[in-house]
Amino acid sequence: MTISGYKKEQTFVITFLAVFLLGAIILILNTNNSFGGGDHFSHFKLARWGWKYPKLLLDEWGKPVFTLLVSPFAQLGINYARLYNVLIGMLTAFLSWKLSRTLKFDNNWVIVLLVLFTPIYFISMFAVLTEVTFSMLLMLSLLLFFKKEYIWSAIAISFLPLARTESIVLLPLFLIAFGLKKQVKAFPFLVTGFLFFSLLGWPFYHHFWWLITEMPYKGGTTGLYGHGQLLHFVEQTPFILGYPLAFLFCAGFLYDLLFWIRKEHFRLSERFYFLLLVPGSYLLYLAAHSYVWWKGIGNSLGLIRVIAAVTPLAALTALSGYNFLLKLPGKKRFISHLTASLLLLWIVYTGAFMYKNNFRLSPPERLLAKACQYTKQHKLTRNKIYYFSNFVPIKLGIDPFDTKKSSEGLPHLKPVSKALPDNSIIIWDAHFGPNEGQTPLSLLTKDSGLRIIKIFKPKVPFKVLGGHNYAVYIFQKTKEASGTRNFNFHNSFENRQDKKGSHYTSGQVHSGKFALKMDSSIRFSPCFEIPLSSLTYNKYSGIRASVWVYPPYPVQETPASLVVSFQHNNTAFDYHAFNLENPENSLKLRQNQWNKIAVCYPVPKSYRSNDFVKIYLWYRGKKEIYFDDLKVSFFKDSTKNLPCFMITQKRD
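Scoring rules and cut-offs
- Residues numbered from 1 in each chain as written.
- Predicted model: local features only at pLDDT ≥ 70, side-chain atom pairs only at ≥ 80, totals over all residues.
- Heavy atoms only, no water.
- Patch = residues over 30% accessible without salt bridge, like charges linked within 9 Å, V, L, I, M, F, W, Y side chains within 5 Å.
- Areas by Shrake-Rupley, 256 points an atom, 1.4 Å probe, with all protein chains shown as cover.
- Salt bridge = Lys/Arg side-chain N within 4 Å of Asp/Glu carboxyl O.
- Buried < 20%, exposed > 50% of the residue type's maximum accessible area, 1.4 Å probe, protein only.
- Helix = DSSP H or I, 4+ residues; strand = E, 2+ residues; numbered from the N terminus.
- Polar contact = N/O pair within 3.5 Å; in protein donor to acceptor, adjacent residues only side chain to side chain.
- Contact = heavy atoms within 4.5 Å.
- Pairing = 2+ DSSP bridges.
- Axes fitted to C-alpha atoms, helices over the stretch in contact; angles between N-to-C directions.
- Parallel < 35°, antiparallel > 145°, perpendicular 65-115°, else oblique.
- Nonpolar A, V, L, I, M, F, W, Y, C, P; charged D, E, K, R; others polar.
- pLDDT = per-residue confidence, 0-100.

A cluster of nonpolar residues, Leu230, Leu231, Val234, Tyr291, Trp294 and Ile297, forms a patch on the protein surface that exposes about 530 Å² of accessible area. We classify leucine 230 as partly exposed; its relative accessible area is 38%.

Considering the arrangement of structural elements, one finds alanine 598 in strand S15 (residues 595-602). Note on alanine 598: relative accessible area 13%, which makes it buried.

Our next topic: the side chain of histidine 40. Tracing the backbone through its elements, the reader meets histidine 40 in helix H2 (residues 37-49). The exposure class assigned to histidine 40 is buried, which follows from its relative accessible area of 2%. Engagement of the side chain of histidine 40 in a polar contact is seen with the backbone nitrogen of valine 128, the distance being 2.9 Å. Among residues more than four places away in sequence, those in contact with histidine 40 are Asn33, Phe35, Ile78, Arg82, Ala127, Val128 and Leu129.

Let us now look at the sheet that holds strand S13 (residues 560-568). As summarised here, the arrangement of the four strands in space is S11-S16-S13-S14, forming an open sheet in which the pairing is antiparallel. Looking at strand neighbours, the two that pair on one side only are strand S11 (528-531) and strand S14 (571-579), the edges of this open sheet. Neighbour-to-neighbour, the strand axes of the sheet open up by a mean angle of 20°, direction not taken into account. Of the pairings in the sheet, the one linking S13 to S14 comprises eight bridges and is antiparallel in character. The residue of S14 that forms the bridge with serine 561 is asparagine 579.

Turning our attention to the packing of helix H8 (residues 150-158) against helix H9 (residues 171-180). Following both chains from N to C, one finds H8 and H9 inclined at 170°, their axes separated by 12 Å at the closest point. Taken together, the axes of H8 and H9 are roughly antiparallel relative to one another. Contacts from Tyr150, Ser153, Ala154 and Ile157 in H8 reach Leu171, Phe174 and Phe178 in H9. Class assignment for the residues of the contact of H8 with H9 results in six nonpolar, one polar and no charged.

Let's shift gears to the confidence of the model for the protein. Per-residue pLDDT for the protein has a mean of 88; in total, 92% of the residues score no lower than 70. Contacts from residues 219-224, a stretch scored under 50 in pLDDT, to residues over four places away or in other chains number 15 contacts. Note on residues 481-486: pLDDT is under 50 here. Beyond four places in sequence and across chains, it has 19 contacts.

So this is what it looks like as C-alpha cells:
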C-alpha cells in the first residue's frame with residue numbers, strides 16, 4: 001500500500017473509531033450493564049475506593065494492572081469506568097489494525113470491525129471487567145514482537161499475569177518464540193511486571209513474595225462453583241465468537257497452516273510465528289479454561305466472558321480467512337466477495353445485538369435495586385448496613401470499606417444478632433447470601449434478635465447458584481434482643497468458608513470431618529470479629545479463646561500464634577499473641593498429638609464506638625500444622641487473674 005493509501009486507511013479507521021465512541025457514550029448514558037454480574041461491581045468497588053484505601057489498588061483478585069488504570073475513571077462513577085473499558089477496547093482494535101499491517105495482511109481496516117463486534121468482546125467493553133485491558137496488553141505485546149522490539153515486547157508480556165492470572169499458560173509460547181528468534185536477552189525482562197508490583201505492594205503486605213502468597217485461586221472449589229463438560233467453551237462458540245467469525249477463524253487458521261506446511265515447508269517464517277502466537281495462543285487459552293472447568297479447579301465458574309480476553313487473536317486469524325475468501329479465482333470471485341461481505345455484516349449485527357438484554361439490570365439486580373430504594377426511602381442507611389452483593393453499596397452510595405457504615409457479610413456465630421449494633425440492617429439475597437456469604441436464610445429467620453422488615457420476591461420465580469429460589473430479605477437488629485442471651489463462637493472448619501478451600505483436610509481432625517491445615521501458603525485463619533460495643537453493652541469483661549492444635553513437627557519449625565487483637569481503624573491498640581514456639585509453651589505441646597490451647601484476656605475498659613476485636617490464628621512457618629475447633633466465649637467474671645493460659649492434651 002502506498003503512503004497515501006496508508007493515510008486514507010488510517011483516516012478511515014480513526015473516523016470509524018470516533019463514530020463508534022460517540023455511539024458507545026450514548027449507549028452508556030442510557031443503559032445499566034448487568035453483564036459480569038457481581039464481578040462487574042466488585043471491580044468497580046476496588047477501583048472507586050482505591051484512592052482512599054490504597055491497598056485495594058493492589059488487590060490480587062481485582063488484578064492490579066486493571067485496577068490502577070481504571071481507578072481515575074472510577075472516581076467519577078461506574079459509567080465512567082465503563083467508558084474506560086470502551087476506550088481500551090477501541091485501542092485494542094487500533095493495535096490490531098497496526099499489527100495486521102505489520103504482518104502485511106490485506107484489507108486491514110476489516111480487523112477493526114472483527115475485534116469490536118466479536119459478540120463476547122462487544123458486551124465486555126461495556127462492563128467493568130479485566131478481559132479488555134488484558135487483550136490490549138496482549139495485542140501490544142504481539143505488535144512489539146512482530147516489529148522486532150523484543151525487549152519491549154517482553155516487558156509488556158510481563159504485565160499480563162497482573163491483568164489476568166491465567167495468562168501464565170501463554171508464557172511457554174512466547175519463550176519458544178524468543179528462543180527461536182535467538183532473543184535470549186529478552187528473557188530477564190519477562191519478570192519486569194512481577195518485580196514492579198512486588199516492590200509496589202511490599203509496604204502493604206510486608207514481604208516481597210506477596211503476589212504468590214496472596215494468590216486468590218489456590219485449590220479447588222468444586223463444591224461451590226461446580227464443574228462441567230470438557231467441550232463447554234467450544235459448545236458456547238455461538239455466544240463467544242458467533243458463527244460467522246468462528247467460520248472465518250477456522251478458514252484462516254487452516255489456510256495459514258496448510259500454506260506453511262506445503263509452501264514454506266515448516267520454515268521458521270513470519271507465518272510460523274503468527275501461527276504460534278496468534279491462533280496458537282487463542283487455542284491454548286481456550287484449552288486451559290476448558291480443562292480447569294472440566295476438573296472444577298482454579299475457582300472456575302465456566303463463565304464464557306473469560307474468553308473475551310483473547311478474542312482479538314481470533315479476529316486477527318479470521319482476517320486471514322476473510323482475505324482467503326476474497327482470493328477465490330474465476331467465476332467464483334463474485335460469489336466469494338458477496339459471501340465475505342455478508343459474513344462481515346452478519347458479524348457486526350451479531351456483535352451489536354446478541355447481548356442486548358445485558359444492557360439492562362438482570363432480574364436479581366432489579367430486585368436488589370428495589371430493596372435498596374426501599375432502604376433509602378425509609379432512611380435505613382443511617383444504620384449500619386450488612387450486605388452480601390456488591391451491587392448494594394453502589395446502589396446505596398455508601399463507602400463499603402467504612403466499617404462504621406457497612407460490612408460485607410456477617411460474623412460467623414450464633415446468634416448473629418448478638419454481634420451486631422442495635423438497629424443494624426441486613427440486606428440478604430439468595431445468590432450471594434448462602435454461597436459466598438455462607439449465611440443460609442434459616443440462620444437469620446430463626447434468630448429472635450432479628451425482625452424481617454421487607455421481603456422482595458420476583459413475580460416469576462427463578463433459581464440461582466445453589467438451587468435457591470431468588471429473593472431479597474431486609475432484616476433489622478432489634479434493641480430488645482440486646483443483653484438477653486450469652487453467645488459463643490465455634491469454628492470447627494466444617495463449612496470451609498474461606499477462599500483457600502484446599503487448606504481444609506480430613507487427614508487429621510479433632511472433631512467432625514475437617515480441620516484447617518496451615519502452611520507457607522496460608523498465613524491467617526478465618527477470623528472471628530465482633531464490635532467492642534456489643535461486649536460492653538452486655539457487660540462482658542473478658543474473652544476466652546481456645547483451639548486444638550496438632551503439630552506433626554517440632555513447634556520451633558512451625559511457629560504459630562493464637563491472636564486476640566483489639567483494633568481501631570484496622571490498627572491494633574491492644575494486642576495479644578500466644579506463641580506456640582516460645583520455650584515455655586513448646587515444652588508442654590506434644591508432637592503428633594492433639595493439644596488444646598486456652599487463653600483469657602480482659603476487654604479494654606476504654607475504646608471508641610467503631611473499635612472491634614479479632615480472634616484468629618497466625619502461622620509463620622513452612623511445614624504443615626493442623627488446627628481444629630477454634631472457640632471464643634465471653635464472661636462477666638472478675639478480671640483480677642487475667643490474662644491466663646493453659647495447654648492440655650486430648651485423652652484417648
